[in-house]
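Understanding the architecture of this molecule
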Amino acid sequence: NGKATFGTSSDLQIFHDGSFNKIQGSSAGNHLILRPNDSDEGIFIKNNDAVEIFFDGSKKFETTSGGVQVTDNLNMSGGHIFVADNFKLNLGTGDDLQLFHDGSESYVKNANAGSNLILESAHGVDIKHGGENMAKFKPDAAVELYHNNSKKFETTSTGVTVSSSGD
């Protein structure tokens, strides 16, 4: 239960409280800084404020009153990004592309009124429901439309083919 104290007013304390090892400031205005050397920031813990993490002197991660701020890239080696119902994953400076689920429906929304929503794939785009085909967009080939997983409409090099047989 002993404490190593530093500073005129014992502003810095290092101790073990019986359960945890602690390094803490003892006054309200103090911040904690962990530095890898004399000039670079490492981890900056501001009293009643943000925690900032630096790489080579450049801030990369910061806690904020609204959550966290990541500067540059967020690379995940595994896992998922979870967003609760009625919250949006916003992409673009003006939150132009929004992905969200409202508890019942799922949305991909282009919120920029002056631009198009473009789906692009190197191989094609299939739209399915429960594993059944609804539409297929094949590059340099056909657009196919389905009803009850049965192809009913297809573009061809000479026009269209419509099928009325099936279900």
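Described in the following lines is the structure provided in the data block. All values reported here derive from a predicted model rather than from experimental measurement. (Residues numbered from 1 in each chain as written. Predicted model: local features only at pLDDT ≥ 70, side-chain atom pairs only at ≥ 80, totals over all residues. Heavy atoms only, no water.)

**What to know about the overall build of the protein chain**
For the record, the criterion: Only DSSP runs of H or I reaching four residues or more are called helices, and only runs of E reaching two or more are called strands; each is numbered from the N terminus. Radius of gyration here is computed from C-alpha atoms only, and the compact-globule reference equals 2.2 Å multiplied by the residue count raised to the power 0.38. Whether a residue is buried, partly exposed or exposed follows from its accessible area with a 1.4 Å probe, protein chains only, as a fraction of its type maximum: under 20%, in between, or over 50%, in that order. By the convention used here, residues are in contact when the closest approach between their heavy atoms is within 4.5 Å. Note that accessible areas follow from Shrake-Rupley with a 1.4 Å probe, and for residues the cover is restricted to the protein chains shown. Charge assignment in this entry is limited to Lys and Arg as positive and Asp and Glu as negative, and neither His nor the chain termini are counted. The location of each charge is read from NZ of Lys, CZ of Arg, CG of Asp or CD of Glu.
Secondary structure assignment for the protein chain yields 0 helices and 16 strands. In terms of overall size, the protein chain is more extended than a compact globule, its C-alpha atoms giving a radius of gyration of 28 Å where 167 residues would be expected to give roughly 15 Å. Counting only C-alpha atoms and orienting by the principal axes, one finds that the protein chain spans roughly 90 × 35 × 30 Å. Taken over 167 residues, the protein chain has a buried fraction of 10%. In the protein chain, 0% of the contacts between residues at least 6 apart in sequence involve partners at least 24 apart. Carbon and sulfur atoms provide 50% of the accessible area of the protein chain, an area that totals close to 12,900 Å². Once the 13 positive and 22 negative side-chain charges of the protein chain are each reduced to a mean point, those two points are 3 Å apart.

**Re a nonpolar patch on the surface**
The condition is simple: Patches here are clusters of residues that have more than 30% relative accessible area and form no salt bridge, with a 9 Å joining cutoff for like charges and a 5 Å cutoff for nonpolar side chains (Val, Leu, Ile, Met, Phe, Trp, Tyr). A pairing counts as a salt bridge when a side-chain nitrogen of Lys or Arg comes within 4 Å of a carboxyl oxygen of Asp or Glu.
The grouping of L74, M76, I81, V83, F87, L89 and L91 at the surface amounts to a nonpolar patch, some 670 Å² of accessible area in total. Secondary-structure assignment places F87 in the loop between β8 (67–70) and β9 (88–91). The exposure class of F87 is exposed, given its relative accessible area of 55%.

**Some words on the environment of A142**
Secondary-structure assignment places A142 in the loop between β13 (132–137) and β14 (143–147). Sequence separation between A142 and A111 is 31 residues; the distance between their C-alpha atoms is 29 Å. Each residue touching A142, except ones within four places of it in the same chain, is listed here: K136, F137, E154 and T155.

**Here we look at the pairing of strand β15 (residues 150–156)**
Counted only if it meets this: Strand pairing is assigned whenever DSSP identifies at least 2 bridges connecting the two strands.
Alignment of β14 against β15, held across 4 bridges, turns out to be antiparallel. When the bridges of β15 are listed, Y146 appears paired with K151. Pairing geometry for β15 and strand β16 (residues 159–162), over 4 bridges, is antiparallel. Across the sheet, residue F153 finds its bridge partner in β16, namely V162. Following β15, the chain reverses through 2 residues before pairing antiparallel with β16.

**As for the pattern of salt bridges**
The final tally for this structure, using the stated rule, is 9 salt bridges. The closest approach of N and O atoms between K46 and E52, which form a salt bridge, is 3.1 Å. The partner of E52 in a salt bridge is K59, and the shortest N-O contact between them spans 3.3 Å. The buried category is assigned to E52, whose relative accessible area is 5%. Here the salt bridges do not stand alone but share partners, grouping K46, E52, K59 and E62 into one network.

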